[in-house]
Amino acid sequence: MTRTLRVFRWSPGEAERTRDYRVEAVADTTVLDALVDVQRTQDATLAFRYACRVGMCGSCAVVVNGRERWACRTRLGDLGAGAVSVRPLYHFPLLRDLVVDLAPHAERLRRTLGAFAPRVDAAPHAHVGGDSRARARIDEAIECIGCAMCVSACTLVAANARFPGPAALNRALTLQLDSRDGARAARWGVLLGDDALARCHGQGNCTEVCPMGLAPTASIIRLRRLGLSRLLGGSG
Amino acid sequence: MIETLETDVLVLGAGGAGLCAALHAADASPRLAVTVVVKGLLGRAGCTRMVQGGYNAVLTPPDSLEAHLGDTLAGGGWINDQELAWTLVREAPGRVLELEARYGCFFDRRPDGRIHQKPFAGQTHDRTVHKGDLTGIEIMNRLAEQVLVRGNVRALEECRAVELARDADGRAAGALVLDVRTGRFLAVRARATLLATGGGPTMYKVIACSADKAADGIALAYRAGLPLRDMEMIQFHPTGLVVPGSLMTGALLEEGLRGAGGRLLNGRGERFMAHYDPARLERSTRDLVARASFTEITQGRGTPNGGVWIDVSHLGAELVERSFRGMVKRCRDFGRDLARAPVEVAPTTHFMMGGVVVDPACRTALEGLFAAGEDSGGVHGANRLGGNGVAESTVFGGIAGDVMAEFVAGRAAPRPEAAALEAAAGALAAPLGRPRGGADLYALWRELREVMWDRAGLVRDGAGLAAAAREVERLEALGAAVGVEGGPAFNVAWQDWLNFRSQTTAARLIITSALTRRESRGAHYRQDFRAPDPGPLYSVRVRAGDGAPAVWTEPVALTRARPPATAAPVAMETGD
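Residues numbered from 1 in each chain as written. Chains lettered and ligands numbered in written order. Predicted model: local features only at pLDDT ≥ 70, side-chain atom pairs only at ≥ 80, totals over all residues. Heavy atoms only, no water.

## Some points on the overall build of chain B
- If you tally the helices and strands in chain B, you get 15 helices and 19 strands.
- Rg of the C-alpha trace for chain B: 22 Å, near the compact-globule value of 25 Å for 576 residues, within the 12% margin.
- Dimensions of chain B along its principal axes, counting C-alpha atoms only, are 65 × 55 × 50 Å.
- Counting every position in chain B, which comprises 576 residues, the buried fraction comes to 65%. (Helix = DSSP H or I, 4+ residues; strand = E, 2+ residues; numbered from the N terminus. Rg over C-alpha atoms; globule rule 2.2 N^0.38 Å. Buried < 20%, exposed > 50% of the residue type's maximum accessible area, 1.4 Å probe, protein only.)

As structure tokens, then:
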């Protein structure tokens, strides 16, 4: 079956435009397969990004028909009839065609102290209990592939440059629940500041587009609860 | 004039090996400047990311280091470098704990709090540490976060090494690096350089590994004149998804499915492993299971799309969905229900056991150059056990980081030979100026992948390998003359041209080595030499010679263990 792929094109010094390509699709042809096919057989200069091509690295995240998706795991056949539009993620600087600069993504993670920091007083083999509630909660939120689709879908990151965005806040939850981590107090300082947890409107766009089925919205709500009980003198 | 960057430690590659090396070197002294060259995005390039099942480490009795060593050597057809294998098993437990305690990895735990370890094929104990069935994502996310917050580590994202640099005395002096985004070359001058680009047998038709790999490190080492070993040993994983018409083809369904009791059925519904390894059935080693599947398929007992079935539905849908969430979703996105029905799978090219010759301190034959992970050879011998791959990359990456930090202390920065780098950059950029026309890069690439799959794949013979050698030489020559459209910045075709160059170089080494090993052992199966050679064990070595690879063999030093006299031949095969 022949499908039309409507692809966003831009390179420095040029105006943004879209270009249509006709691609032959079978039942399992994905958006990534179609992009690769276009680049190899029709337009060698099309720039797009992918690495693992099986849904582990998140590098191929794009906006397909208005919604963030991983190109490698999205079948054209599951997108309904009509042309399939492909454009780069929102809220990131464009580099070329479908490729964006994800440096702000890393910067947000850094600002929210998104790296584990071992406790200085940690006992050897310290761990989060095997059947503990904290472990169950962390498990629900930890399988983030860093694709930044949630950030693209978030309406707040564009409005407030200091807002960490869903991915960084989701990671923060897994760290605030982790008794092995030594930076939790400092991290609360960031999370409970003016431009973090308090800013989320709870629209849930992030949760809707997460390809791993994570729920950053729920993580943010959990963090707020934990933060509140901390402010009220709990152990948080 | 090529821009120059100076660093103390240069790490080429950013998977488990590269990032562990960077962190270890950076933490050895805050004064050391560490630069990591990442082919893609930090934490998201390469194959450590793709590890599903997990990480082999001996943590509690009755398992023992000796048992892990024995399994690794038996699985490896006894041609492993035993000192490397021993280093792996000895250091793996400490590295697992380091990944947890220092970098924050969140491995699954049992209700009693102990680290959960699951059974994996070819192993005598439940040894495989994991995070669900997406262990690599957990490890890479945590390592990448640590790199992000280290002030003395700089990650050059979407950059790739295209040539190793040497000084006037021939010592390693860093590398010529290409920035994919800008298309500009960068000379990185370094006091110690690590090759950790992760091998990657992407010159085969069906692949499991990350598609960004191209055996770059193997090609760099070969061009630098380094000896490589056991390049004929390419691992084919038995359970790659069959997804007609999609790049998803070859994507792994993890080994834990077989470990948990998954069954393999041929197109007639027969549990065919009973004919090939009646004792271990589906829990036999990867090489045997992959070849058995391949045999079923090529002999006409396959499924409609040329695979076999993996069936885990008898384990109960609820258990499968809970224990193998990532696998279930991977299948579901393509309309297959792993928890409730058989799914079509076929052998897929997974891993290069061979690579650069190293010692247990990751030193290579070139002073100042180190290698770790899939770019190096010898740890796994003729076949790698599931769960030993990420163990290797993190164990040896960490060692390399420690060793390099010590190596650079007090050592003057070498001066790369600028003229050589300028010349290399000129040659590598040549296709950009050329008119397109003549051969099509992607047609050549397709041919390469077909040839390697058909003639240097799961079942090989002398005539086929000789034909493959001629074919690859022809494709290499045609590829060298290809022209690429567009400018240098983020030019996918140009990057693929560079990939093709590395892939053909590595393909020649695979073929030459496979011709030299006139026996069947581990992953290497020769139809014209179906049994293992009863003579002394040897390793096949190859390095750049006069215009063609020079190849020789070296005896295996049995420094830690000897194969049992009655050992079942590793390449045991019943069907044809």
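The discussion continues.
## Observations regarding the overall build of chain A
- Counting secondary structure elements, chain A contains 9 helices and 7 strands.
- Along the three orthogonal principal directions, the C-alpha set of chain A runs to about 60 × 35 × 30 Å.
- Considering chain A as a whole, with its 236 residues, one finds that 54% of them fall into the buried category.
- Working note: accessible area of chain A is about 9,500 Å², and carbon and sulfur atoms make up 53% of it.
- Computed over 32 positive and 23 negative side-chain charges, the separation of the two mean positions in chain A equals 4 Å. (Areas by Shrake-Rupley, 256 points an atom, 1.4 Å probe, with all protein chains shown as cover. Lys, Arg positive; Asp, Glu negative; His and termini not counted. Charge placed at Lys NZ, Arg CZ, Asp CG, Glu CD.)

## Thoughts on empty space enclosed by the protein
Residues and elements named next belong to chain A.
- Within the structure shown, the criterion is met by 9 cavities of 30 Å³ or more.
- Taken as a whole, the second largest cavity spans an internal volume of roughly 140 Å³.
- Around the second largest cavity, the lining comprises 15 residues; the ones closest to its centre are Cys154, Cys200, Gly202, Gln203 and Gly204.
- Of the residues contributing to the lining of the second largest cavity, the split by class is 8 nonpolar, 7 polar and no charged. (1 Å grid on protein atoms, 1.4 Å probe; cavity = no way out; pocket = protein on both sides within 12 Å on 5 of 7 lines; lining within 4 Å. Points joined across faces, edges and corners; volume = space filled by probe spheres on them. Nonpolar A, V, L, I, M, F, W, Y, C, P; charged D, E, K, R; others polar.)

## A closer look at the sheet that holds strand β17 (residues 376–377) of chain B
Residues and elements named next belong to chain B.
- Strand order in the open sheet formed by 5 strands is β17-β15-β10-β18-β19, with mixed pairing between adjacent strands. The sheet terminates laterally at β17 and β19 (549–555), the two strands that pair on one side only.
- Of the strand pairs in this sheet, strand β10 (residues 228–229) and strand β18 (residues 538–544) are connected by 2 bridges, and their pairing is antiparallel. Following the sheet pairing, Leu228 is matched in β18 by Val542.
- Relative to the sheet, helix α15 (residues 492–516) contacts β10, β18 and β19, its axis offset from that of β19 by approximately 45°. (Pairing = 2+ DSSP bridges. Contact = heavy atoms within 4.5 Å. Axes fitted to C-alpha atoms, helices over the stretch in contact; angles between N-to-C directions.)

## A look at unusual backbone geometry
- That bond from Pro61(B) to Pro62(B) is cis: its omega, 10°, falls within 30 degrees of zero.
- Structurally, Pro62(B) can be placed in the loop between β3 (55–56) and α2 (65–75).
- Here His125(A), not a glycine, exhibits a phi torsion of approximately 60°, which is positive.
- The residue His125(A) is located in the loop between α2 (103–111) and α3 (133–142) in this model.
- One non-glycine residue, Ala215(B), adopts positive backbone phi at about 55°.
- Turning to its location among the elements, Ala215(B) is positioned in the loop between β9 (185–195) and α5 (216–223).

## Considering the layout of surface pockets
- When its volume is computed, the second largest pocket comes out at roughly 820 Å³.
- Surrounding the second largest pocket, 36 residues form its lining, Glu143(A), Gly132(B), Arg322(B), Ser323(B) and Arg325(B) being those nearest its centre.
- Of all the elements in the fold, those that place two or more residues in the lining of the second largest pocket are α3 of chain A together with α6 (256–259), α9 (317–323) and α10 (325–332) of chain B.
- The dominant element in the lining of the second largest pocket, judged by the number of residues it contributes, is α10(B), at 5 residues.
- Here the lining of the second largest pocket is built from residues that sort into 11 nonpolar, 10 polar and 15 charged.

## Describing the side chain of Lys118(B)
Residues and elements named next belong to chain B.
- Residue placement: Lys118 occurs in strand β4 (residues 117–118).
- Judged by relative accessible area, Lys118 falls into the buried class, the value being 9%.
- Within the structure, Lys118 has its side chain in polar contact with the side chain of Glu254 (distance 3.2 Å).
- Excluding anything up to four places from it in sequence, Lys118 contacts Gly53, Asp126, Arg127, Thr128, His130, Gly132 and Glu254. (Polar contact = N/O pair within 3.5 Å; in protein donor to acceptor, adjacent residues only side chain to side chain.)

## Regarding the interface of chain B and chain A
- With 64 residues of chain B at the contact, the number on the chain A side is 60 residues.
- Here chain B packs against chain A, burying approximately 5,200 Å² in sum over the two surfaces, 54% of which is carbon and sulfur.
- The three residues of chain B that bury the most area against chain A are Arg44(B), Phe106(B) and Leu247(B), which together make up 16% of that side's buried surface.
- Across the chain B-chain A interface, the total number found is 6 salt bridges.
- With a shortest N-O distance of 3.1 Å, Arg325(B) and Glu143(A) are connected by a salt bridge. (Buried area = accessible area lost by both parts, 1.4 Å probe. Salt bridge = Lys/Arg side-chain N within 4 Å of Asp/Glu carboxyl O.)

## Considering the domain arrangement of chain B
All names here are of chain B.
- When cut into domains, chain B gives domain 1 (235–350) and domain 2 (431–555).
- Computed from C-alpha coordinates alone, the two centres of domain 1 and domain 2 are separated by 28 Å.
- Taken together, the contact pairs 8 residues of domain 1 with 9 residues of domain 2.
- Per-residue buried area on domain 1 facing domain 2 is highest for Phe236, Arg291 and Phe294; these three make up 71% of the total on that side.
- Broken down by element, the residue count for the side of domain 1 that touches domain 2 peaks at 4 residues, all from helix α8 (residues 286–298).
- When the residues that make up the side of domain 1 that touches domain 2 are grouped by side-chain class, the tally is 4 nonpolar, 2 polar and 2 charged. (Domains from an automatic or database assignment.)

## Re the sheet that holds β4(B)
All names here are of chain B.
- The strand order across the open sheet built from 3 strands is β3-β5-β4, with neighbouring strands paired in antiparallel fashion. For this open sheet the edge positions go to β3 and β4, each flanked by a neighbour on one side alone.
- Both β4 and strand β5 (residues 128–129) contribute to a ladder of 2 bridges, which runs antiparallel. Bridge pairing links Lys118 to Thr128 in β5.

## Observations concerning the domain arrangement of chain A
Residue and element names in this part refer to chain A.
- Parsing chain A into structural domains produces domain 1 (2–100) and domain 2 (103–231).
- On a C-alpha basis, the centres of domain 1 and domain 2 stand 29 Å from each other.
- Each side of the interface is counted separately: domain 1 has 14 residues, and domain 2 has 17 residues.
- Around 1,200 Å² of area is buried between domain 1 and domain 2 when both sides are counted, 66% of it from carbon and sulfur atoms.
- Per-residue buried area on domain 1 facing domain 2 is highest for Glu68, His91 and Phe92; these three make up 48% of the total on that side.
- Scanning the region where domain 1 abuts domain 2 turns up 6 residue pairs in polar contact (both at pLDDT 80 or more).
- Taken together, the elements giving at least two residues each to the side of domain 1 that touches domain 2 come down to β3 (61–64) and β4 (67–70).
- If one sorts the elements of the side of domain 1 that touches domain 2 by residue count, β4 sits on top with 4 residues.
- Looking at the side of domain 1 that touches domain 2, its residues break down into 9 nonpolar, 2 polar and 3 charged.

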